[in-house]
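# A structural walkthrough
Next come the chains, spelled out residue by residue.
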Amino acid sequence: SQDPFFKCLMAELPPENPSKPGKSWRPIGYALYYKGYCVNHGKIVYLENLYVVPEFRDKGIGKQLLVKMAEVSLECKTFSGFDNQRAKKLYLQLGAQDTTEALAWHCMEFNKECLQRLVQGGQAS
């Protein structure tokens with residue numbers, strides 16, 4: 001639609017033999033997100049789900065999707081993603097703040113400075 005409620009970034013592999021008819025790109029991961037507003041932060045992007053097909057994990061695909069998410073999120077103050085243990089480790093390595101204890105939420109937040117560092121190829125110090 002013109003103003004979709006959510007958006008999705010896809011990681012895909014090209015077909016092995018693109019000249020063969022009927023061959024298409026293979027989806028191997030995605031980042032599902034939506035924009036919102038938070039009274040504490042203003043504009044915010046919520047990462048609803050980050051998924052990479054098991055055989056393609058630990059190859060940097062999740063990080064590439066997060067870098068693209070950071071680019072999308074730069075107009076906002078933060079972007080948040082709900083965590084699982086595997087994602088939580090990656091988020092922390094990239095500079096996210098675990099707000100579980102501070103705000104009693106199970107949520108990871110990347111602030112504006114972290115988003116800019118991520119887009120520029122840097123990691124948290």
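Above this note sits the structure.
Values in this document were obtained by computation on a predicted structure and should not be read as measured data.

The rules behind the values
- Residues numbered from 1 in each chain as written.
- Predicted model: local features only at pLDDT ≥ 70, side-chain atom pairs only at ≥ 80, totals over all residues.
- Heavy atoms only, no water.
- Helix = DSSP H or I, 4+ residues; strand = E, 2+ residues; numbered from the N terminus.
- Buried < 20%, exposed > 50% of the residue type's maximum accessible area, 1.4 Å probe, protein only.
- Contact = heavy atoms within 4.5 Å.
- Areas by Shrake-Rupley, 256 points an atom, 1.4 Å probe, with all protein chains shown as cover.
- Arc of directions from axis to C-beta.
- Phe/Tyr/Trp six-rings, centres within 6.5 Å; stacked < 30°, edge-to-face > 60°.
- 1 Å grid on protein atoms, 1.4 Å probe; cavity = no way out; pocket = protein on both sides within 12 Å on 5 of 7 lines; lining within 4 Å.
- Points joined across faces, edges and corners; volume = space filled by probe spheres on them.
- Nonpolar A, V, L, I, M, F, W, Y, C, P; charged D, E, K, R; others polar.
- Core = buried A, V, L, I, M, F, W, Y, C linked by side-chain atoms within 4.5 Å.
- Salt bridge = Lys/Arg side-chain N within 4 Å of Asp/Glu carboxyl O.

## Points about the overall build of the chain
Scanning the chain from terminus to terminus reveals four helices and six strands. Classification of the 125 residues of the chain by burial places 33% in the buried group. Across the chain, the fraction of contacts at a sequence separation of at least 24, relative to all contacts at a separation of at least 6, is 52%. Per element, the accessible surface of the chain, about 8200 Å² overall, is 51% carbon and sulfur.

## What about helix α4 (residues 112-119)?
Those residues of α4 that fall on the buried side of the exposure criterion are Cys114, Leu115 and Leu118. Angular distribution of buried residues about the axis of α4 spans 100°; they occupy a single face of the element. Positive backbone phi, at 90°, marks Gly121, one or two positions downstream of α4.

## Things to note about the packing of aromatic side chains
Counting across every chain of the model gives three aromatic pairs. Between the aromatic rings of Phe5 and Tyr34, the centroid separation amounts to 5.9 Å while the plane-to-plane angle is 10°, which identifies the pairing as stacked. One end of the pair, Phe5, is in the segment before β1 (7-13); the other, Tyr34, is in strand β2 (residues 26-38), with 29 residues separating them in the sequence. On the basis of relative accessibility, which here comes to 69%, the residue Phe5 falls in the exposed class. Overall, the relative accessible area of 24% leaves Tyr34 in the partly exposed class.

## Quick word on the layout of surface pockets
In this model, the largest pocket occupies a volume close to 430 Å³. Lining the largest pocket we find 16 residues, and of these Asp58, Gly62, Arg86, Ala87 and Leu90 sit closest to its centre. Secondary-structure elements contributing two or more residues to the lining of the largest pocket are β3 (42-52), α1 (61-73) and α2 (85-93). Take the lining of the largest pocket: its biggest share by element is five residues, from α2. Looking at the lining of the largest pocket residue by residue, the classes come out as six nonpolar, four polar and six charged.

## Comments concerning the nonpolar core
Burial of nonpolar side chains together is a common tendency in soluble globular proteins. Leu47, Leu50, Ile61, Leu65, Leu66, Tyr91 and Phe110 are the most contacted members of the largest nonpolar core, which totals 26 residues. Of all the secondary structure elements, the ones that give two or more residues to this core are β2, β3, α1, α2, β6 (108-111) and α4. The biggest single contributor to this core is α1, with six residues.

## Some words on unusual backbone geometry
Backbone geometry places Asp58, a non-glycine residue, at a positive phi of 65°. Along the chain, Asp58 turns up in the loop between β3 and α1. In this structure Asp58 comes out as exposed when scored by relative accessible area, which is 74%.

## Focus: the pattern of salt bridges
A complete count under the given rule lists two salt bridges for this structure. Between Glu71 and Lys68 there is a salt bridge, with its nearest N and O atoms 3.5 Å apart. Of this pair, Glu71 and Lys68 both sit in helix α1, three residues apart, roughly one helical turn.

## Comments concerning the environment of Leu66
The topology assignment puts Leu66 in helix α1. Since its relative accessible area comes to 0%, Leu66 is described here as buried. Expressed as a C-alpha distance, the spacing of Leu66 and Leu94, which sit 28 residues apart in the sequence, is 9.2 Å.

On their own, these measurements won't tell you what the molecule is for.
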